[in-house]
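Observations on the three-dimensional arrangement
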Amino acid sequence: MRFELIDGRHVGGYVSVGSCWKPGEMTATDFTAEGEKGNALPLLSETAAFWPDGSAKWIRHTFSSELAGSWVEIKSAKAQPPYEDIAILDCPEGKRIQAGRLSLTLPNAGSRDMARDVCVDGQKRISAIYPLLKLESREHEGEIESITVFNCLARIDKVDIEAAKDRVCAIKYEGVLDSREDKMPFSARMLLGADSLDIRYEFTFFYDGNPEKDFVKGLGLVYLSVLQGAKYNRHIKLATDREVFHEEAMYIKCEHPRTPRGLAEKQNAGQLLSCVAGSAESAYIAEVYERLPVWRRYILNQPNELSYVVSKQTHRECSAVRAMSGRRAPGALALGSENGTLLVGIKDFWQLYPAALEADDIDADEAFVTAWFKSPFCEALDFGHYDTRAYRFECNEGFSEPDPRPQGIAFTCECYTLLTDGLADDEALCRFASRTQKPAVYMEKPEYYHDKRAFGYWSLPGYDTPAKRLLEEQMAAAVEFYKSEIENRGWYGLLDYGDIMHTFDSSRHKWFYDFGGWAWQNTELVPTYWLWLYFLRTGREDVYTLAEAMSRHCSETDCYHFGPYKGLGSRHNVRHWGCPCKEPRIGMAGHHRPMYYLVGDRRIGDCMHEAVSAAGSWANGLHSYRDVDGTKHLAVRTGPDWASFLSNWMTEYERTLSEAALSKIQNGINGIASAPMGLGSGPHFAFEPESGRMEYIGEFTENIHLSVCMGEPQVYLEAIDALGSEELKKLVRDYGKLYSMSDEERREHFGSMTEGKEFSMNCLTAAIALVCSYLGGDPVPAQKGWRALADSSPLHRSDAGFKPEKLLAVTSEGKKLYEIEWISTGYVAQWCLSIMLALELCPDSMPEAQLFGGIRSV
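Report follows, based on the coordinates. (Residues numbered from 1 in each chain as written. Predicted model: local features only at pLDDT ≥ 70, side-chain atom pairs only at ≥ 80, totals over all residues. Heavy atoms only, no water.)

Some details on the overall build of the protein
A count of helical and extended segments in the protein gives 19 helices and 39 strands. For 858 residues, the compact-globule formula gives about 29 Å, and the C-alpha radius of gyration of the protein, at 29 Å, lands near that figure. C-alpha extents for the protein along the principal axes are approximately 105 × 75 × 55 Å. Per-residue burial over the protein gives 62% buried out of 858 residues. (Helix = DSSP H or I, 4+ residues; strand = E, 2+ residues; numbered from the N terminus. Rg over C-alpha atoms; globule rule 2.2 N^0.38 Å. Buried < 20%, exposed > 50% of the residue type's maximum accessible area, 1.4 Å probe, protein only.)

Considering the pairing of strand β13 (residues 144–152)
Where strand β12 (residues 123–141) and β13 come together, 9 bridges link them in antiparallel fashion. Each residue of the ladder has a partner; that of E141, found in β13, is I144. As consecutive antiparallel partners, β12 and β13 are separated by 2 residues, and within that stretch G142 has a phi angle of approximately 65°, a positive value. (Pairing = 2+ DSSP bridges.)

Some points on the sheet that holds strand β6 (residues 56–64)
Taken in spatial order, the 3 strands line up as β2-β6-β5 in an open sheet, and their pairing is antiparallel. Looking at the sheet topology across the chains shown, the edges are occupied by β2 (14–20) and β5 (44–50). Averaged over all pairs of adjacent strands, the angle between their axes in this sheet comes to 25°, without regard to strand direction. Note that β2 and β6 share 7 bridges and pair antiparallel. Paired with S19 across the strands is I59, a residue of β6. (Axes fitted to C-alpha atoms, helices over the stretch in contact; angles between N-to-C directions.)

Brief notes about a nonpolar patch on the surface
Taken together, L807, V810 and Y818 make up a surface patch of nonpolar side chains, about 250 Å² in accessible area. Counting through the fold element by element, V810 comes out in strand β38 (residues 806–810). (Patch = residues over 30% accessible without salt bridge, like charges linked within 9 Å, V, L, I, M, F, W, Y side chains within 5 Å. Areas by Shrake-Rupley, 256 points an atom, 1.4 Å probe, with all protein chains shown as cover. Salt bridge = Lys/Arg side-chain N within 4 Å of Asp/Glu carboxyl O.)

What to know about the pattern of salt bridges
Under the definition given, this model contains 80 salt bridges. Its salt-bridge partner being D505, residue R508 comes within 2.7 Å of it at the nearest N-O pair. By relative accessible area, which is 34% here, R508 ends up partly exposed. Between R637 and D641 there is a salt bridge, and its shortest N-O distance comes to 2.7 Å. We classify D641 as buried; its relative accessible area is 0%. A network of salt bridges, in which partner residues are shared, links E46, R60, E162, K172, E174, R189, E556, R602, R603, D606 and E610.

Focus: the state of the cysteines
One pass over the full model with this rule turns up 0 disulfides. Between C318, a cysteine without a disulfide, and C254, which holds the nearest cysteine sulfur, the sulfur-to-sulfur distance is 19 Å. Residue C318 is classed as partly exposed on the basis of its relative accessible area of 31%. (Disulfide = S-S within 2.5 Å.)

In short, the description is geometric, and any link to function would need to be established separately.
In structure tokens, the structure reads:
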């Protein structure tokens, strides 16, 4: 297996890749790795998922990207070569970790600090690393509003060493950011390796405050950086979208006495000034040292996606001076002195605005360097709702009772740290900034994942017929359109970046950003599946970036991680948590499995495990019960509810081989199979969360349209293969037949049970017919499914389809902005996803290009 660095990504630090295996193909976890220079790499290999026979389905491999270079070849071995492992020793404060040149103390639970006494070659470089929350409290008394900002003291309650071998160490922390009131939980991970001076943090904030009083003013990681030497040898550098910003705490430039020629130039070139006793240079510096201003504090603040400002102060009580401004900062800082440089960066810095980087007290023995995930120099985050009521019918908000609770939602940020010897030059900072924004991602060829049926069934690109060329062109155009919309519409921000809008408002020439259930998409109709599978078939870095950002956002901010709705998510709304419909389909594990298995993201693993709780949380929702003949039942729909539970249980089973998860799956299958129309029955069944049992309670006419368009075909196909379930295979095949029948045929087979039910064939239902043909061999359902996709082609809506042709505006910079008046994200995601499935399952049933709206050249 040869995994290559995808275009546009940069090496640096430790990364993970996932290898995929067929049933029974791999049972060991001993592997060797070789980088592009032919060098052997230390490698940590861990089984991430299993087949039911216990063989590996996915294996996570972690290694140094700097040692690997542009590719890494991983091979199975009888035994893994011995490496000098990371040493973990007990000490009075906790544990001392020795990882090559880098060492640090991991404090015991109860501490504020995530790490202490970080040393390079035994020399202390960072005294402590700890999280800091600035919580803004607002109180109203009449017309008077009082605002108080608290610097909260964090407390770490749990420290877990998840991995510590083969020169890799992964540590998980859990605690609260406000120990004063025991609230605002957090979870974090630290990753380090023995061949690197990098420390990577993945930090998750959970909101559990009162949205009327508790506002997040600032949130960040603080580094107490140890500095040495004179103030004029303290250098601050910031990566920007222009030149590197570079200054010194004390600039040796003086009008009187005049600075000797070359001294300031030497300092600005990043050279340490060495005062040799008796020299004229030394005498001059000694004369002016106490007379020149000292700039103790620097701040890079990015309040939005369009601007940043660099400011500095001599003292906190003094006015700040604006030093520089620009548009989009990469989000990397370097603070150096005579003992070396600390580099700190935030991934997706400007995309996740408001963010900031700060260096304070840089003239002291210890400076405070803070990576602000939420900038305290901007307005506080408000977790309240956009209105005091819900708009059930007026704005498609589901229910008349509003339930926009934010307690339990989260967001995750990534922070990169690097320690260097000497002063880091501009090139080193720019390299660090590049890999912070675009860290290394290694992938095999699309054919590798396709052959392994990674994440189910999807096609490789094909251009050998006019119809295929037309479809590939339209799918590519859809991705390009959303890439441009993210930029043109400014879909950025700490609580928004990664999500996309639901429906376009052609009257206002903008998306329905303020219209209840038509605002943010929140995974509805699975754009996650669309983007991840499109990435797998193309290997494109820009598509990976879209999919990664969507999974990061949707797995955190759209879902509940604790409380009565744990494992559920909020349906599409103006605020991501605003809709009263709390649904298992939004938090379904299947959305984000690619991010977990392809690049080994451990936080996504947490979210997938939390999704298992959705079945137990379902009873707390507003539409969880059905009254049948006077009996109240806790009820779920076969799709999307049970299908979402199936995705969660299947994922839990493959990760842990949990018999409890498998039993719930089987109990559900048995209950559905006993109903007269299988998956077509109901769709509401009485549900028992503890066992997963489903009981038929009759036929209902509402919500049929949701049964097969929320990723159900993809979930069913993967589950059939993963579990080897003939019962589920028959249920899915029969369900596709039901959709493929005419009304007369359904009445003939099932009598009045299908009356009032909408089993029409369209782009939202075509996939289940295609699956039916694939599983059963009957070509008729596939022909009907393909025809539905052709009839719903975007080329029937406009001559260019997903290529926007209507000019909306021209910006002041001359950039042309286009629109597609009829666009909706659910339609785009479902059509593209179904096309990728149809090309794989039933290519021989594909209609001629003309039926899709004409032939377009690629």
